[in-house]
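Architecture and fold: a report
What follows is each chain in one-letter form.
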Amino acid sequence: MARKKKPSSRTKRAKKKNNTITSFFKSKQTHLVFGVFILSIAIFLFVSFYSFLTHWKEDQSQLNFLTDKNIEVKNLLGKLGASISDFFIFDGFGVSSFIIPILLFFTGLYIILDIPVNKLKKAWMNGILIMIWLSLVFAFFFTDKSILSGTIGYEVNDFSQIYIGSTGFFLLLLLTFLGFIISKFKITPERIKNNLPKKKIKDNNTIDDITEGYISQPIIENTEQNPELELDLEPETLVKDKNPIEEPTILEVVEKKVEPIKIMEIEVNKPIDEERTVKNLSNKLVEEFGEFDPKLELANYKFPTLDLLKDYSNENITINKAELEDNKNKIVETLNHYKISIESIKATIGPTVTLYEIVPKAGIRISKIKNLEDDIALSLAALGIRIIAPIPGKGTIGIEVPNKKPSVVSMKSVLSSQKFQNSKMALPIALGKTISNETFVFDLAKMPHLLMAGATGQGKSVGLNAVLASLLYKKHPAEVKFVLIDPKKVELTLFNKIERHYLAKLPDSEEAIITDTKQVVNTLNSLCIEMDDRYNLLKAAYVRNISEYNTKFKTRKLNPENGHRFLPYIVLVIDEFADLIMTAGKEIEGPIARLAQLARAIGIHLIVATQRPSVNVITGIIKANFPARVAFRVTSKIDSRTILDFQGADQLIGKGDMLISTGNDLTRLQCAFIDTPEVERVTDFIGSQKAYSQALILPEYTGDENSNSIDVDIADRDELFEDAAEIIINAQQGSASLLQRKLKLGYNRAGRIIDQLEAAKIVGQFEGSKARQVLVADTMALRQLLDDEKL
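Chains are numbered independently. Their residues run from 1 in the order of the written sequence. Predicted model: local features are reported for residues with pLDDT of at least 70 only, side-chain atom pairs are reported and counted for 80 or more only, and whole-chain, interface and lining totals are derived from all residues. Processing note: side-chain calculations cover all non-hydrogen atoms of the structure and skip hydrogens and water entirely.

1. Overview of the overall build of the chain
- Secondary structure elements are defined from DSSP: runs of H or I of at least 4 residues count as helices, runs of E of at least 2 residues count as strands, and each element is numbered from the N terminus. Each helix and strand in the chain was counted, giving 27 helices and 17 strands.
- Each residue is assigned to one of three classes by its accessible area relative to the maximum for its type, calculated with a 1.4 Å probe on protein chains only: buried under 20%, partly exposed between the two thresholds, exposed over 50%. For the chain, buried positions account for 40% of its 791 residues.
- Taking contacts inside the chain between residues at least 6 apart in sequence as the whole, the part at least 24 apart equals 67%.
- Using a 1.4 Å probe, accessible areas were evaluated by the Shrake-Rupley method; residue-level cover was limited to the displayed protein chains. Here the chain has roughly 47,300 Å² of accessible surface; of this, 55% comes from carbon and sulfur atoms. Note on contacts: a residue pair is in contact if any heavy atoms of the two residues lie within 4.5 Å.

Okay, here's the thing in structure tokens:
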């Protein structure tokens, strides 16, 4: 077996030399040096060209200025600059030679930035063609030899006009210009035809009307089997039949002796690659008309400006070294009393709270420090002390102590932060600032729902306003809509001014902000219908979430004629959830739970606030679907656990001091403060602009209004029916317990009588814990009602 011949030392040296040369040219340092060199040449040429425009006559008069040292030139880059400029501009292509340094500049820039220079090939080709064409144009319109056209332009123009005349040369220039434009912008007869104004087609001349009455012809099978038959299709076979008849059209077959004609076989049932067709069509539409822009209807809409919000004098954090030192000494002293030694302590100052981080010595139990919470609060004589043992992600224990002089966190400072301004989130919300004075911004679309709870007057309504203001400052009216539910009827009324910009409501509803319990139930069920409709659209579009769907719709891959539409995000805000649960109960909890479970993917997000965080209001079903929870100050540890599953909300200091839980993390924030006049200025600014014709209309929901009523025959009424009716009317209170007391009845019989009164329309429907509404004003009206029934 022959041995492989080893490469000689000369071959190795040659390979090594080639590798060295290759690595040299591939080196980034070489690219940088070469790029800077090209840039320098470009700048040199540009400056010399510019200087030549003003001093070319003086410099040109000195014919031997390059060889004679005693001759001075006025070009900014000396004799070399004057000589090169004379070559390119006067002897070359005139002022159009400026294209050369511009092309060189971008070439050098591409090399420095490591961008493939191949992308500049077309630019160089187009640039040189434009330079030559401009030189000829200047020569044609300015017949004297000058720096406008250069020698080349002048001579070519002079030569061309001798043979084809000035008119012919002008037509040649025009033809080359049109040819360049057509090839550059890919102009075709179809595009010109499509851009021409079209006549409007009358409504009664639709596509269905046009195609109706045409006589269709079947596809004839391959004629190779009988090559001597030629198909002669009568021209009348595709003419609109004014009087369509039932008889099938006869295809006339004429026998002729001709050469065999090969006709391509057509498979009628061959599947069409629908996806490829749609993609090609969408790309063509995007190329011609651009992507769909949902903001186009309100293209001139302006976002609220930051100067509408208020600056506060006490916003800046002031460091009181004496206070810090005093608190540190008291913490260390209290720990020493219980024989707890620490290695180090440091402070992080926030707007309202200072965090003292301590590192205990080895062998100290964390639980021992945790149990000293009340003792440390006593020694510091401060409310709102909270011990974090340990701080997540750190090997330290945190003690949060309220500042004696807290700073205000204004909404303006939060919204003007770079973190919020540069955020690319779908629904960015700037809620406040952390202990380390960093702006806290989160994406509601990823939360995906938010539960807010806290005692009365602790900042809950301000927190809702902060959430809404964040979205108003960041999202266009076409991108987000709000469904506002306000049982208290006074908290969200200011947002009525932006009804036609941002709000959504039921059909035929007078007020966009919902306050009536019955309307709340209908609205929530309407949102469930909207959710199901959106899921059907996502299913038809073969996507999984609203972001993918809207991207596909913008790129014109979804046909609006098939029901597809741009889907804005919908944010449902409920200000006082406890009141709704107490009045409507399961009617509210059912759709809320369904929306919380399913609505995330289709862009419906919930923000629910309540001041009574008890377990019968915030049920297990609701908590399971609200991973993001905000707790303002509450009165008990039980309420804190109900909201957050942790203690701590009972130790907050109020006035916007809050804890936010996003799963396992618990963060203390100072909520941004936005006052009522600020909200009013923002809504006035938005409301004064051009708006949509109406608010976003939600799907219509028709509830069974008589679902709870019972149809009772008059003959089957209780013998005490009329007595019970008089008692109810006199008391104006529809209650079964009232009948039990007055008529000494059992609960079951009193309940049956109430059902009979409802069937007779004397009392209204069941409304939870509330007494039924009495529909009859007095006993006279009752007698009239009963007499009418007997007739």
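Having seen the structure, we can now continue with the description.
2. Digging into empty space enclosed by the protein
- Whether a set of points on the 1 Å grid over the protein atoms alone is a cavity depends on a 1.4 Å probe fitting there but being unable to get out, while an open set qualifies as a pocket with protein on both sides within 12 Å along at least five of seven lines; lining residues are those with an atom within 4 Å of a point. Grid points are joined across faces, edges and corners, and a volume is the space filled by probe spheres set on the points. Counted by the stated rule, this structure contains two cavities of 30 Å³ or more.
- Taken as a whole, the largest cavity encloses approximately 50 Å³ of empty space.
- Taken together, Gly350, Pro351, Thr352, Val353, Lys433, Thr434, Ile435, Asp657, Arg668, Leu669 and Gln670 make up the full set of residues lining the largest cavity.
- Elements represented by at least two residues in the lining of the largest cavity include exactly β7 (428-434) and β16 (666-671).
- The element that contributes the greatest number of residues to the lining of the largest cavity is β16, accounting for three residues.
- Of the residues assigned to the lining of the largest cavity, the class counts are four nonpolar, four polar and three charged.
- The computed volume of the second largest cavity comes to approximately 30 Å³. Just so you know the grouping, Ala, Val, Leu, Ile, Met, Phe, Trp, Tyr, Cys and Pro go in nonpolar, Asp, Glu, Lys and Arg go in charged, and all remaining residues, Gly too, go in polar.

3. Considering the packing of aromatic side chains
- The pairing test for Phe, Tyr and Trp rings, Trp by its six-membered ring, is centres within 6.5 Å, and the orientation test on the planes gives stacked under 30 degrees, edge-to-face over 60, and tilted for anything in between. What the rule picks out here adds up to 16 aromatic pairs.
- Centroid distance Phe482 to Tyr502: 6.0 Å. Interplanar angle 35°. Geometry classified as tilted. In this pair, Phe482 is assigned in strand β10 (residues 480-485) and Tyr502 in helix α16 (residues 499-502), connecting sequence segments 20 residues apart.
- By relative accessible area, Phe482 is classed as buried at 2%.
- On the accessibility criterion, Tyr502 (0% relative accessible area) is buried.
- Ring-pair connections join several aromatic residues into one group, and the members of that group are Phe46, Phe49, Phe87, Phe88 and Phe98.
- We call a charge positioned above a ring when the Lys NZ or Arg CZ atom is no farther than 6 Å from the ring centre and deviates by at most 35 degrees from the ring normal. Positioned above the aromatic ring of Phe420 is the side chain of Lys474, whose terminal nitrogen or guanidinium carbon lies 5.5 Å from the ring centre.

4. Focus on the sheet that holds strand β15 (residues 657-662)
- One bridge is not enough; two strands pair if DSSP finds at least two bridges between them. In spatial order, the strands read β8-β7-β16-β15-β14-β9-β13-β12-β10; together these nine strands make up an open sheet with mixed pairing. With partners counted over all chains shown, the strands left at the sheet margins are β8 (439-443) and β10, one partner each. With direction set aside, neighbouring strand axes in the sheet form an average angle of 30°.
- By the bridge criterion, three bridges tie β7 to β16 in an arrangement that is antiparallel. Angles shown run from 0 to 180 degrees and are taken between the N-to-C directions of axes, each axis being a line fitted to C-alpha atoms and, for helices, limited to the stretch in contact.

5. A few points about the nonpolar core
- For this analysis, a nonpolar core means a set of buried residues of the types Ala, Val, Leu, Ile, Met, Phe, Trp, Tyr and Cys, connected via side-chain atoms within 4.5 Å. Of all hydrophobic cores here, the largest spans 111 residues; its most connected members are Leu431, Phe482, Leu572 and Ile588.
- When residues of this core are assigned to their parent elements, the largest contribution, nine residues, is made by helix α17 (residues 517-541).
- For Ile588, the contacting residues outside a window of four places in its chain are Val520, Val521, Leu524, Phe577, Leu580 and Ile581.
- Core analysis: the next-biggest nonpolar cluster, separate from the first, contains 22 residues, Phe721, Ile728, Ile754 and Val763 among them.

6. A look at the layout of surface pockets
- Space inside the second largest pocket adds up to approximately 810 Å³.
- Lining the second largest pocket are 30 residues; nearest its centre among them are Arg386, Ile388, Pro392, Leu666 and Thr667.
- Within the lining of the second largest pocket, the residues separate by chemical class into 11 nonpolar, nine polar and 10 charged.

7. Quick look at the side chain of His605
- Tracing the chain through its elements places His605 in strand β13 (residues 604-610).
- Note on His605: relative accessible area 1%, which makes it buried.
- Look past the residues within four positions of His605 in its chain and what remains in contact with it is Leu427, Leu444, Ala445, Pro448, His449, Tyr569, Ile570, Val571, Leu572 and Arg600.

8. Side note on the sheet that holds strand β6 (residues 397-402)
- Pairing is antiparallel in the open sheet, where four strands are placed in the order β3-β4-β6-β5. On the outer flanks of this sheet lie β3 (342-349) and β5 (386-388), each paired with one strand and no other. Between one strand axis and the next, the sheet turns through 20° on average, direction left out of account.
- Strand contacts of helix α10 (residues 321-337): β3, β4 (353-360) and β6, with the helix running at about 40° to β4, the strand carrying the most contacts.

9. Digging into the environment of Phe495
- Here Phe495 lies in the loop between β10 and α16.
- Sequence separation of Phe495 and Phe482 is 13 residues, and the distance between their C-alpha atoms is 9.8 Å.
- Excluding its chain neighbours within four sequence positions, the residues that come into contact with Phe495 are Asn465, Leu468, Leu472, Leu484, Leu503, Ile513, Val679 and Thr683.

10. Observations concerning unusual backbone geometry
- Residue Pro448 follows Met447 across a cis peptide bond; omega there is 0°.
- Within the secondary structure, Pro448 is located in the loop between β8 and β9 (450-453).
- Even without glycine at this site, Lys489 takes up a positive phi of about 70°.
- Structurally, the position occupied by Lys489 is in the loop between β10 and α16.
- The phi dihedral of Lys761 falls on the positive side, at around 60°, and the residue is not glycine.

11. Overview of the pattern of salt bridges
- Throughout this description, the term salt bridge denotes a Lys or Arg side-chain nitrogen within 4 Å of a carboxyl oxygen of Asp or Glu. Enumeration according to the criterion identifies 24 salt bridges in this entry.
- Between Lys412 and Asp311 there is a salt bridge; the shortest N-O distance is 3.1 Å. On the criterion of sequence distance, the pair formed by Lys412 in helix α13 (residues 411-415) and Asp311 in the loop between α9 (274-289) and α10 is long-range, its members being 101 residues apart.
- Ionic pairing is found between Glu400 and Arg668, a salt bridge with its closest N-O pair at 2.5 Å. Here Arg668 lies in strand β16 and Glu400 lies in strand β6, a separation of 268 residues in the sequence. Of the two residues, Glu400 and Arg668, neither departs from the other in class, the shared state being buried.
- Residues participating in the shared-partner salt-bridge network are Arg386, Glu400, Asp657 and Arg668.

12. A word on the packing of α17 against helix α20 (residues 586-598)
- The N-to-C vectors of α17 and α20 enclose an angle of 25°; their axes lie 9 Å apart at closest approach. In terms of orientation, α17 and α20 fall into the roughly parallel class. Where α17 crosses over α20, the handedness of that crossing is left-handed. Here Val520, Val521, Leu524, Asn525, Leu527, Cys528, Met531, Asp532 and Tyr535 of α17 come into contact with α20, specifically with Glu587, Ile588, Pro591, Ile592, Arg594, Leu595 and Leu598.
- Across the contact of α17 with α20, the residue classes tally to 12 nonpolar, one polar and three charged. For this classification, under 35 degrees means roughly parallel, over 145 means roughly antiparallel, 65 to 115 means roughly perpendicular, and everything else is oblique. Two helices cross in a left-handed way if the nearer one is turned anticlockwise from the farther one by less than a right angle. They cross in a right-handed way if the turn is clockwise.

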